[in-house]
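Residues per chain, in single letters:
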Amino acid sequence: MSNDKEDPHPRYRHARMRVQTAVLMSRGGEAHPTDLVDISATGALLRRPLGWRGEPGQTWILDMIFGHDLHIHLEASVARVSARQIGMEYTLIPEDKQASLWELLGGYADTLEAWQDD
């Protein structure tokens, strides 16, 4: 018998940094305030706002505020959707925001972690 927890081929992803901050996600004339759950070098996990009706593949603009002086504005595509969360994958990080994002992530930017689907 095999144990489901022992995956002979573990998968890896960029490490997630848990941080709570406000996010405004917008697309066309639609905008939803929400919260960041975690962030990585390739994407972000957001709390799903009430009334949000997006779907995988859609592109949204994310405005994230960190502290008093860091505002990161980028474009991301919906990768996953659940009843409570939205997984976003960055599609465009403006050149003037890239260094700020990498500084925010610190060691998380270059770290991989093993993961499995829940």
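This one's a predicted model, so the numbers in the text were calculated from it and none came from an experiment.

## A closer look at the overall build of the protein chain
Of the regular secondary structure elements, the protein chain holds 1 helix and 9 strands. Counting from the amino terminus, the protein chain carries its helices and strands in the arrangement β-β-β-β-β-β-β-β-α-β. Burial status across the protein chain gives 36% buried among its 118 residues. Long-range pairs, those at least 24 residues apart, make up 51% of the contacts in the protein chain between residues at least 6 apart in sequence. Surface exposure of the protein chain reaches about 7,700 Å², of which carbon and sulfur atoms provide 49%.

## Notes on the pairing of strand β4 (residues 30–39)
Relative to β4, strand β2 (residues 17–18) is paired through 2 bridges, and the arrangement is antiparallel. Bridging across to β4, methionine 17 finds its partner in isoleucine 39. Taken together, the 6 bridges between strand β3 (residues 22–27) and β4 define a ladder with antiparallel strand orientation. Following the sheet pairing, serine 26 is matched in β4 by alanine 31.

## Structural notes on the pairing of strand β5 (residues 43–47)
Among the 5 residues of β5, 4 are classified as buried, and the element is accordingly described as predominantly covered. Sheet topology note: the β4/β5 ladder contains 3 bridges and is antiparallel. Within β5, the position partnered with isoleucine 39 by the bridge is alanine 44. Here β4 folds back onto β5, and the loop between the two strands holds 3 residues. Taken together, the 5 bridges between β5 and strand β8 (residues 85–92) define a ladder with antiparallel strand orientation. Within β8, the residue paired with leucine 45 across the bridge is glycine 87.

## Considerations on the environment of glycine 54
Position of glycine 54 relative to the elements: it lies in the loop between β5 and β6 (59–66). On the basis of relative accessible area, glycine 54 is assigned to the buried category, the value being 14%. Sequence separation between glycine 54 and arginine 27 is 27 residues, and the spatial gap between their C-alpha atoms is 9.6 Å.

So, how was this worked out
Residues numbered from 1 in each chain as written. Predicted model: local features only at pLDDT ≥ 70, side-chain atom pairs only at ≥ 80, totals over all residues. Heavy atoms only, no water. Helix = DSSP H or I, 4+ residues; strand = E, 2+ residues; numbered from the N terminus. Buried < 20%, exposed > 50% of the residue type's maximum accessible area, 1.4 Å probe, protein only. Contact = heavy atoms within 4.5 Å. Areas by Shrake-Rupley, 256 points an atom, 1.4 Å probe, with all protein chains shown as cover. Pairing = 2+ DSSP bridges.

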